[in-house]
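Fold and geometry: a report
Here are the chains, one letter per residue:
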Amino acid sequence: MHKLLMSAYKEMLLLLRDLGGLAILFVMPLVLIITVTLIQDSSFKIVNNVKIPILFVDNDKGDLSKTIRDNLQESTLFEIVTQKNKIDLTEDITKKAVLKGEYQLAVIIPKNITIDLQRKVAQNVSNILSELGVEEDTISNKESIPDKEIKLYFDPASQKAFKNAVMNSIDKMIANIESKSIYSAFQEEFSEGGEEEKPLFDESSFITFKEINPKEGKEHIFPNSTQHNVPAWTLFAIFFIVIPLSINIVKEKSQGTFVRLRTNPVSYATVLGGKIITYLSVCLIQFLLMLAVGVYLFPYLGLAALEIGSSFMVLFIVALFSGLAAIGFGILLGTLAKTYEQAPPFGATAVVILAAIGGVWVPVFMMPKFMQTLSNISPMSWGLNAFYDVFLRHGGIVEVLPEIGLLFLFFIITIAISIFYDERKRAV
Amino acid sequence: MISSVIHIQEISKKYKGADEYSIQRLNLSIIDGEIIGLLGPNGAGKTTLISMLCGLLKPTSGTITIKNLSFKKNRKKIKQIIGVVPQEYALYPTLTAYENLMYFGSMYGISGKRLKQVVLDNLELLGLIKFAHKRVDTFSGGMKRRVNLIAGILHNPKILFLDEPTVGVDVQSKKVIIDHLKELNNNGTTIVYTSHHLTEAQEFCTRVAILDRGLIISKGTPLSLIDDIEDAHNLEDVFISLTGSALRDHA
């Protein structure tokens, strides 16, 4: 025990002697978490008046194109641009502008879309009425009306999520307009005229959506960017301990202290134990600092405060086991790496990959199937799920047991491989 | 009665992927209380031999026993009675001399006031007490060598292995180191020592073994080796006579 504590004390002294390294270890994760949460929170916020300029070409000049334009304008996401250098936009001009990346999106309304929609709706209504025997079947009911296509030109660099959001939004708009047109057509057929005519159809939405977050008990925390981002980026920061830890071990090998320790009556496990204690303490301090930033600093930055509720101990346990997994990985990397040039780049890239497949940037359910399977082996995925179980699903220790079990297993396996590999190397 | 503390029997060592043996069926007994120098040109196998004696390398074949103990069965016990002073400065540069020695001393199981006293006493003996709380990376080469030595002797080892303990140090530091080693030897520590400084070895060692291409080509007291070679006046003459004057470069 004395050897273990002295090893931990030595590691702590080494860290404290590198003030620059310490600053990076504690300050950078805080900067990361603040920056990412600010960006993600403000990306579509009205307060910031950030609107995406989109090109709008109206070849129709009718009610439908006017309605689409007004709806896009009212959504507060877009700034409608209809002229470039004081010249009315054409499809050619917009296509070139989008391809160059000057604009993210161009909407091209085709000619006669209003008239053709009205004709189509009238035709459909007429067909229904003639089926019901209310109206005679006429030749115009059989006239072929070509389908209309609203073209959306996207910048090739646009994110798929953005494209989907825009297309869904416009699709919904069109569906609304079509429905209203059908109601109007029927209203016209059945009304007797007069200004005070009572509408035949109630056009308000019959089906609405309500966002409900399942909860148990009285506690109810609404998820927001803070609740999503703080756990994700805290985990990312914890795993970055891989880099200084692996460098620490490579340094011990290159400066000869490992040679001395191998001739001392002290096991490799004890030497590693000292590093585990010290670096785990660093991870937990990082975690506490990031929680503190989320709870106390975020409100001053205009962000939602982090809600911890009564789950602090469970969160701490998740952070502890996530830290252990990260440390195990760092020790394995340091044991296997032979030079400084190998450890940090591999460590940094590995952490980014684990974060990516773990769902830190893109939710796991949005990934291709094989990537979703791959995410099951990412310790960051286990850690993130455990954090979300607590932060977003209000789970307790029982709910996070599977994930912390996996994290601990990962730690045991990586340490075992490191010790085994070191033993084999000593037998050179 | 003369007894062996280290018994090396038919030791061979071939590194993975190497064409030749670095050590070939070497036999040597090291006597309790002696100072034995392992000398030889570059690539002779000195460092390989001393690494096997310290337990850093496993022999390809043969046996090594230290005080009748083998590494296979009594690794920890052996490590408790041997001290190692490697050729590199095996120290933490950002820690002070005191912090380095407190750490390495604790790894030998020494603790508390005894550890503190042992560290301070040794720093005093080797003229470093004024610099005890200075970082090692601010030390000169000679000072680092002395701290390096102290780290290997804090636990008062029965056998001390030194790999080039005076390389790159000034005359004053070299004298302090050699004098301290002699003092340790007078107190019963057996010393196994490698060096390229033949004059130093001649004055310091009670016995020398000259290695070349993994074999011991001659061993005995420095005087007896000099007497055995015609026209040899010192150990350097003996060395050149036995190993030749050609360069021994290898990679």
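Residues numbered from 1 in each chain as written. Chains lettered and ligands numbered in written order. Predicted model: local features only at pLDDT ≥ 70, side-chain atom pairs only at ≥ 80, totals over all residues. Heavy atoms only, no water.

1. Quick word on the sheet that holds strand β3 (residues 35-39) of chain B
Residue and element names in this part refer to chain B. Reading across from one edge, β6-β7-β8-β3-β9-β10 is the order of the six strands in this open sheet, with mixed pairing throughout. With partners counted over all chains shown, the strands left at the sheet margins are β6 (82-85) and β10 (215-220), one partner each. Here the strands of the sheet are splayed against their neighbours by 15° on average, with no regard to which way each runs. Those strands touched by helix α6 (residues 171-186) are β3, β7 (159-163) and β8 (190-194), and its axis lies near 160° from that of β7. (Pairing = 2+ DSSP bridges. Helix = DSSP H or I, 4+ residues; strand = E, 2+ residues; numbered from the N terminus. Axes fitted to C-alpha atoms, helices over the stretch in contact; angles between N-to-C directions. Contact = heavy atoms within 4.5 Å.)

2. Some remarks on the interface of chain A and chain B
Facing the 23 residues of chain A at the interface are 34 residues of chain B. Counting the surface lost from both chain A and chain B, the interface buries some 2700 Å², and carbon and sulfur atoms represent 59% of this. In this structure, the connection of chain A to chain B is made through 11 residue pairs in polar contact (both at pLDDT 80 or more). Elements that contribute at least two residues to the side of chain A that touches chain B include exactly α1 (2-16) and α9 (257-263) of chain A. Element by element, the count of residues in the side of chain A that touches chain B is highest for α1 of chain A, at seven residues. Residues that form the side of chain A that touches chain B fall into these classes: nine nonpolar, seven polar and seven charged. (Buried area = accessible area lost by both parts, 1.4 Å probe. Polar contact = N/O pair within 3.5 Å; in protein donor to acceptor, adjacent residues only side chain to side chain. Nonpolar A, V, L, I, M, F, W, Y, C, P; charged D, E, K, R; others polar.)

3. As for the pairing of β6 of chain B
Residue and element names in this part refer to chain B. The side-chain alternation of β6 yields two buried faces, one formed by I82 and V84 and the other by G83 and V85. With four bridges joining them, β6 and β7 adopt parallel strand pairing. Paired with G83 across the bridge in β7 is L160. (Buried < 20%, exposed > 50% of the residue type's maximum accessible area, 1.4 Å probe, protein only.)

4. So, the sheet that holds strand β5 (residues 69-70) of chain B
Residues and elements named next belong to chain B. With antiparallel pairing, four strands are arranged side by side in an open sheet as β2-β1-β4-β5. Of all strands in the sheet, those with a lone pairing partner are β2 (23-31) and β5, marking the two edges. On the sheet, helix α1 (residues 46-54) packs against β1 (4-13), β2 and β4 (61-66) and is oriented at approximately 120° with respect to β1.

5. Brief notes about the pattern of salt bridges
Residue and element names in this part refer to chain A. Tallying each qualifying case throughout the model produces 15 salt bridges over all chains. In this structure, the salt-bridge partner of K275 is E11, at a minimum N-O distance of 2.7 Å. Remark: E11 occurs in helix α1 and K275 occurs in helix α10 (residues 268-297); sequence separation between them is 264 residues. As far as the burial class goes, K275 and E11 line up, both buried. A salt bridge links K151 to E91, with the shortest nitrogen-to-oxygen separation between them at 3.0 Å. (Salt bridge = Lys/Arg side-chain N within 4 Å of Asp/Glu carboxyl O.)

6. Here's the deal with the confidence of the model for chain A
Residues of chain A with pLDDT of at least 70 account for 86%, and the chain-wide mean is 82. For the stretch residues 44-48 of chain A, pLDDT sits under 50, and the model shows six contacts to residues farther than four places along the chain or on other chains. (pLDDT = per-residue confidence, 0-100.)

7. What to know about the confidence of the model for chain B
Here chain B averages 89 in pLDDT, while 96% of its residues score no lower than 70. Per the prediction output, this complex has pTM 0.77; the corresponding ipTM is 0.88.

8. Observations regarding the environment of E10 of chain B
All names here are of chain B. You can see E10 is positioned in strand β1. Along the backbone, E10 and N122 are 112 residues apart, and their C-alpha atoms lie at a distance of 38 Å. When sequence neighbours within four positions are dropped, the list of residues in contact with E10 reads R25, L26, N27, S61 and G62. A distance of 2.9 Å separates polar atoms of two side chains, one belonging to E10 and the other to N27.

9. Brief notes about the side chain of E164 of chain B
All names here are of chain B. Secondary-structure assignment places E164 in the loop between β7 and α6. Here E164 is buried and forms no salt bridge, its nearest opposite-charge partner K46 lying at an N-O distance of 5.2 Å. Discounting chain neighbours no more than four positions away, the residues touching E164 are Q87, R145, T194, S195 and H196. (Lys, Arg positive; Asp, Glu negative; His and termini not counted.)

10. Focus: the packing of aromatic side chains
In this structure the tally under the stated criterion is 15 aromatic pairs over all chains. Relative to F236 of chain A, the ring of W233 of chain A has its centre 5.2 Å away and its plane inclined at 80°; by these criteria the two rings are edge-to-face. Remark: F236 of chain A and W233 of chain A occur in helix α7 (residues 225-239); sequence separation between them is three residues, near one turn of the helix. One exposure class covers both W233 of chain A and F236 of chain A, and it is buried. In textbook terms, an aromatic cluster arises when at least three aromatic residues are bridged by ring pairs, as seen for F287, F312, F316 and F387 of chain A. Stacked on the ring of F104 of chain B, the Lys or Arg R260 of chain A has its end atom at 5.1 Å from the ring centre. Directly above the aromatic system of Y15 of chain B lies the positively charged group of K13 of chain B, at a separation of 5.5 Å from the ring centroid. (Phe/Tyr/Trp six-rings, centres within 6.5 Å; stacked < 30°, edge-to-face > 60°. Lys NZ or Arg CZ within 6 Å of the ring centre and 35° of its normal.)

11. Regarding the nonpolar core
Core analysis: the biggest nonpolar cluster contains 126 residues, and L261 and I327 of chain A together with L149, L160 and L181 of chain B have the highest contact counts within it. For I327 of chain A, the residues in contact, after removing those within four places along its chain, are I241, L245, I276, Y279, L280 and C283 of chain A. Counting residues in hydrophobic clusters, the runner-up holds 31 residues, among them L56, L69, I82 and V192 of chain B. (Core = buried A, V, L, I, M, F, W, Y, C linked by side-chain atoms within 4.5 Å.)

12. Describing helix α4 (residues 112-125) of chain B
Note on helix geometry: an α-helix contains 3.6 residues per turn, so any two residues three or four positions apart are oriented the same way. Residues and elements named next belong to chain B. Counted at 1.5 Å a residue, the expected span for α4 with its 14 residues is 20 Å, and the 20 Å between its end C-alpha atoms agrees. Residues of α4 that are buried: L115, V118, V119, N122 and L123. Summarising the axial view, the buried residues of α4 lie within an arc of 125°, below the 170-degree limit, and thus occupy one face. Those residues of α4 that are exposed and aimed more than 90 degrees away from the buried face are K113, R114, E124 and L125. (Expected span 1.5 Å × (residues − 1). Arc of directions from axis to C-beta.)

13. Some points on the side chain of T37 of chain A
Tracing the chain through its elements places T37 of chain A in helix α2 (residues 19-42). Overall, T37 of chain A belongs to the buried group, its relative accessible area being 0%.

14. Considerations on the packing of α7 of chain A against helix α11 (residues 312-336) of chain A
Residue and element names in this part refer to chain A. Relative orientation of the contacting elements α7 and α11 amounts to 35°, with a least axis distance of 9 Å. In this structure, the crossing between α7 and α11 has a hand that is right-handed. On α11, the residues that touch L235, I238 and F239 of α7 are A319, S322, G323, A325 and A326. (Left-handed = near helix turned anticlockwise from the far one by under 90°.)

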